[in-house]
Amino acid sequence: MRSHLALILISADFLYLIVLVFCSTHVFAKDHMHHPHRAQYNSTTDRDTLYALKGNFNGSFIDTNWSGSNCCLNDTSIWFGIQCLNNRVIGISLEGAGLSGEVDAHAFANLTELSSLSFKNNWISGTLMNFSSNTMLVRVDLSSNMFEGAISNSLLSLQMMESLQLQDNNLIGPIPGFSQKSLREFNVSNNNLLGKIPETDVLQSFTDLSYSGNPGLCGSPTLIACNGAMTMSEADDESESNMSSGIFKGGTVLVILIVLDVIAVVTLALFFTLCYKKVENIKQQRKKPVNIEVTNKNFEVDQDRDSKSTTAIGGEIGNKRRLVFLDRGNEFELDDLLKASAEMLGKGNFGNVYKVILDHGQEVVVKRLRDLRPLSREEFVKRIRALADLKHQNVLSPLAYYYSREEKLLVYKFAAKGNLFNLIHGERGENRIPFKWSSRLRVAIAVARGMEFLHANTKLDNAIPHGNLKSSNVLLDENQKVLVSDHALASLITLPIAVQQMSAYKCPEYQHCRKVSRKTDVWCYGSLLLELLTGRVPSFAAPKGTNGVDLSSWAHRAVREEWTAEIFDPEISRYCTRRHEAQGMMKLLELALWCCDKSPGKRPDMHQVVREIGDMKVNELEDEEDLTSFDRSLTEDSISTNGSGIIVE
Ligand SMILES: Nc1ncnc2c1ncn2[C@@H]1O[C@H](COP(=O)(O)OP(=O)(O)OP(=O)(O)O)[C@@H](O)[C@H]1O
């Protein structure tokens, strides 16, 4: 018994010594770093480190963006994706930048001020880097890459770390015993990690979602029992206790150890208080204000950060504050937009969308793009020009754009009658004005024409002409003209984001063999027809918190099992009493199922679709009646939205 106690005390003393040494060096190191004149590293070493890092990646974008003699100028970042403070690099954020390659293990050794690192959504492979020099790191996000090997033990020494995101990689081996109290977000799901999850308070404080998708992991907080598996530290403890019994005997040693330990505990408490105060001080200094504010009155664009970008492209952008108009007429300045009142229409997958009423009464929509591919100004302009050149009466092309390093805007005409999603699924209570068959057919024909035009005229190689066709991207202007919007935005968005968010990537061929093509747009069009016919929301376009239906499988089953009549929206079947209407509904259903064929090769092209659908005659009288319905349904506030154009149930 005594020998056990003595052993425990000696171990505690040993631990104490280690902690003491660690604390002194750690506190000293931080102190050292916060006095620039004493610092060993500076902006030049940071720049050279980033140049070396750039050499690790295969990705054309940082080749062009990371160049020149300064990556930071005081607190302003000169290079893309870098954050600076006092001429030092404190943040790197290259999310969805299409980066591949392996990062050198010691790539970050000189970035001693780095507090935030994100390489989320890239294709980076190799083992995790060594972070032991990056003691200021607060956030690390390496999720959705192809990192392999073990979780680096260097992460255990990061005492300021609040968030560690390593999910969706190929990491293997056990989870090290993270015990930093600062750690509030932790995710290692969807890797190949093994063994028992260490029972540290910190690791046990996260839910099993942080660990899911690792078939070899066991122990709390997962529900998988370990069947005798131990963590590495448990195994070590056990073998040590077996070996050491009987080494220490006698009461004297014990008394001395007890006295020493009391002194040690008091000193240790003093040291921890000192460490804690230092760390809190540093955290306070690092809190930076957010740059972009959006209110419901107006919106502000971050213009000052672009003070270096004055390059003119084809004479278009000499002035950094200029909106560039893609057509003549309608011209106004960015300042006119900024001072006008703005109302948020919705938070789309690619950025927030605002309706802005200019002083002279013109209503426009401003789409503030985010998650863009890291495009140079030239590439961005080229792609916007290509999509703006596509002019058709059923296609909504942008009127103008704004480009700066930090901000990219697209300006569109405002479509006063809202979107097709609201028309179909808007409030179904007694105030609803029916959205009848002939109106639905009219929309289907207009969308087909718009899509046929896009398919015939899109010039960008390998691009899907639309890529995100769905009912919230079909708009109606003040004259009920149907407009297909948001075409070709896929060419601006990073691939991982496009895969997550765009309709095209929900098609069967992408699920099976990661391929999309022009015929993918045809599948989206078929799904839109099914939405029009059934009044149900397709699962890929269902608003957050609601469930949609796999419309194509559902409709195919209905036809196979001969209960087709039941799938039509009662709102149209109730009114479609005439023979040609019932035939039209069946014909449109056939066309929808053809477009949704699992095999892209068997689907029609958009030209064939227009030919098929053009044969269906819209009854003129019914059409007149329905136009009135459209108007009333949109002006009587019968559609309730949450401001994002999405139905509130
Ligand atoms: N020119 C416009 N006129 C009127 N409403 C618009 C216009 N452009 C977009 N909207 C509406 O603003 C909201 C947000 O549009 P946005 O296209 O960004 O998002 P979304 O269609 O919900 O999703 P996604 O980003 O995938 O396209 C939607 O309700 C859309 O119908």
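About the criteria used
- Residues numbered from 1 in each chain as written.
- Predicted model: local features only at pLDDT ≥ 70, side-chain atom pairs only at ≥ 80, totals over all residues.
- Heavy atoms only, no water.
- Helix = DSSP H or I, 4+ residues; strand = E, 2+ residues; numbered from the N terminus.
- Pairing = 2+ DSSP bridges.
- Buried < 20%, exposed > 50% of the residue type's maximum accessible area, 1.4 Å probe, protein only.
- Near = heavy atom within 4 Å.
- Polar contact = N/O pair within 3.5 Å; in protein donor to acceptor, adjacent residues only side chain to side chain.
- Areas by Shrake-Rupley, 256 points an atom, 1.4 Å probe, with all protein chains shown as cover.
- Nonpolar A, V, L, I, M, F, W, Y, C, P; charged D, E, K, R; others polar.

Q: Just give me the short version of the environment of G601, but keep the residues and values in it.
A: Examined against the element boundaries, G601 turns out to sit in the loop between α16 (579-595) and α17 (606-614). A sequence separation of 82 residues divides G601 from K519, and the C-alpha atoms of the two residues are 7.6 Å apart.

Q: Outline the sheet that holds strand β12 (residues 170-173), supporting the account with residue identities and numerical values.
A: If you trace the seven strands from one edge of the open sheet to the other, you get β1-β6-β8-β10-β12-β14-β15, paired in mixed fashion. Each of the sheet's edge strands pairs with one partner strand only, and the pair in question is β1 (57-58) and β15 (216-218). The sheet contact formed by strand β6 (residues 100-102) and strand β8 (residues 123-127) spans three bridges and is parallel. The residue of β8 that forms the bridge with S100 is W123.

Q: Break down unusual backbone geometry for me, with residues and values.
A: Of note, the amide linkage connecting S220 to P221 takes the cis form, showing an omega dihedral of 0°. Examined against the element boundaries, P221 turns out to sit in the loop between β15 and α5 (232-244). Even without being glycine, Q480 reaches a positive phi, approximately 65°. When you line up the elements, Q480 lands in the loop between β22 (474-476) and β23 (482-484). Q480 gets classed as buried once you look at its relative accessible area, which sits at 7%. The phi angle at D486 is positive, at roughly 65°, despite the residue not being glycine. Structurally, the position occupied by D486 is in the loop between β23 and α11 (495-501).

Q: So what about the site of the ligand? Which residues, and what values?
A: Taken together, 20 residues lie around the ligand, and N349, A415, N419, K470 and S472 are the ones closest in. Separating a nitrogen atom of the ligand from a backbone N or O atom of K413 is a distance of 3.0 Å. N468 is positioned such that a nitrogen or oxygen atom in its side chain is 3.0 Å from an oxygen atom of the ligand. Starting from 600 Å² of accessible surface for the ligand in isolation, the protein chains cover 93%. Where the shell around the ligand is concerned, the elements lending two or more residues are β17 (341-348) and β19 (363-368). Residue composition of the shell around the ligand, grouped by class: eight nonpolar, eight polar and four charged.

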